[in-house]
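Here's the letter readout for the chains.
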Amino acid sequence: MELLPKDYIIIAGLVLTFGATIIGHYFTRRNIKTSKFIDVITTERIKWLTTIRSEISEIVALITNTLIFYGDDLKQRELDNPSQQTMDDENYENHKHYFDSLTKNAFKRNVQPELKDLTSKLTLLKLRFNPKEDLKTLEILEYFIKFYQIKYKTESDLKTANEKIDQLLINIQDMLKKEWEKVKKETKGK
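Parameters at a glance
- Numbering of residues starts from 1 in every chain and runs along the sequence as written.
- Restriction of local features to residues with pLDDT of at least 70 applies here, the model being predicted, together with a cutoff of 80 or more for giving and counting side-chain atom pairs; totals for whole chains, interfaces and linings are based on all residues.
- Each side-chain value is derived from all of the structure's non-hydrogen atoms; neither hydrogens nor water enter the calculation.
- Each helix corresponds to a stretch of at least 4 residues labelled H or I by DSSP, and each strand to a stretch of at least 2 residues labelled E; elements are numbered beginning at the N terminus.
- Computation of the radius of gyration draws on C-alpha atoms, with the globule rule given as 2.2 Å multiplied by the number of residues to the power 0.38.
- The buried label goes to any residue with under 20% of its type's maximum accessible area, the exposed label to any with over 50%, and the partly exposed label to all in between, with areas taken from a 1.4 Å probe on protein chains only.
- We call two residues in contact whenever any of their non-hydrogen atoms come within 4.5 Å of each other.
- Every helix has an expected span of 1.5 Å times one less than the residues it contains.
- The set of buried Ala, Val, Leu, Ile, Met, Phe, Trp, Tyr and Cys residues whose side-chain atoms join them within 4.5 Å is what this entry labels a nonpolar core.
- Without a salt bridge and with relative accessible area above 30%, a residue can belong to a patch; like charges are then joined within 9 Å and nonpolar side chains (Val, Leu, Ile, Met, Phe, Trp, Tyr) within 5 Å.
- Methods summary: accessible areas were calculated by the Shrake-Rupley approach with a probe of 1.4 Å, and residue burial reflects only the protein chains presented.
- Should a side-chain nitrogen of Lys or Arg be within 4 Å of a carboxyl oxygen of Asp or Glu, the pair is scored as a salt bridge.

Undergrad: How would you sum up the overall build of the protein chain? Please name residues and give values.
TA: Of regular secondary structure, the protein chain possesses five helices and zero strands. A compact globule built from 190 residues should have a C-alpha radius of gyration of about 16 Å, whereas the protein chain, at 31 Å, is more than 25% larger. When its C-alpha atoms are laid out on the principal axes, the protein chain stretches across 120 × 35 × 25 Å. Split into buried and exposed, the 190 residues of the protein chain put 22% on the buried side. Put simply, of all contacts in the protein chain between residues at least 6 apart along the chain, 75% involve residues at least 24 apart.

Below, the structure is given as structure tokens:
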């Protein structure tokens, strides 16, 4: 049986179709793997961002509450043995806000956190950051770990701690913005 030119064309068409199908399958499979990889990375990055937001808000709330406690404690100590200037200042504040309501009266007193819990949360948060890219944030977290190890706090210490909280929030906002930009790039497949 001899093959005619028409048969060669049919065989060539079958071979080319088979080859095109194999190549198409290869690229489709590769694209699916890449898409799945991008989806997994993007999903995990979004979870990580959510975790960071949650932990930062909790840490900042705890630190802020302890700073309020320290401030109240310092003020109470000064009121226990007031100078004339302190008494004058306190009388002026009382008269100035005589008809105003105190904000702290609207809230239940917070339970003071355990030092080990706060230190543990700060340390856990430190472990979530990149030591090369997030150096400023890590330094601030380390500052607070050491801050809570100091036995006595001064007004100056409280002022510095409040400034560090502001810096921490700015750093975290910048980091979250950069990470969100990475997520957007990943979803576009870049």
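Undergrad: Give me the lowdown on helix 4 (residues 135-147), citing residues and values where you can.
TA: The terminal C-alpha atoms of helix 4 lie 18 Å apart, and with 13 residues this matches the ideal 18 Å at 1.5 Å per residue to within 8%. Among the residues of helix 4, Thr137, Leu138, Ile140, Leu141, Phe144, Ile145 and Phe147 are the ones counted as buried. Where helix 4 is buried, its residues touch helix 1 (5-80), helix 3 (115-127) and helix 5 (155-187).

Undergrad: So what about the nonpolar core? Which residues, and what values?
TA: Core analysis: the biggest nonpolar cluster contains 28 residues, and Leu122 and Phe144 have the highest contact counts within it. Only helix 1, helix 3, helix 4 and helix 5 provide two or more residues apiece to this core.

Undergrad: Help me get a handle on a nonpolar patch on the surface, residues and values and all.
TA: Taken together, the side chains of Leu3, Tyr8, Ile11 and Val15 make up a nonpolar region of the molecular surface, amounting to roughly 380 Å² of accessible area. Secondary-structure assignment places Tyr8 in helix 1.

Undergrad: Go over the side chain of Glu179, please, and point to the residues and values.
TA: Note on placement: Glu179 falls in helix 5. A residue is classified by how much of its surface remains accessible, and Glu179, at 8% relative accessible area, is buried. If we ignore the near neighbours within four places in the chain, the residues touching Glu179 are Arg45, Trp48 and Leu49.

Undergrad: Requested: an account of the pattern of salt bridges, with residues and values cited.
TA: Charged atoms that come close allow side chains of opposite charge to pair. A complete count under the given rule lists ten salt bridges for this structure. The partner of Glu181 in a salt bridge is Lys184, with the nearest N and O atoms 3.2 Å apart. With Glu181 and Lys184 both in helix 5, this residue pair falls three residues apart, about one helical turn. Residue class for Glu181 comes out partly exposed when judged on its relative accessible area of 28%. Given a relative accessible area of 35%, Lys184 falls into the partly exposed group. Here the salt bridges do not stand alone but share partners, grouping Arg45, Glu179 and Lys182 into one network.

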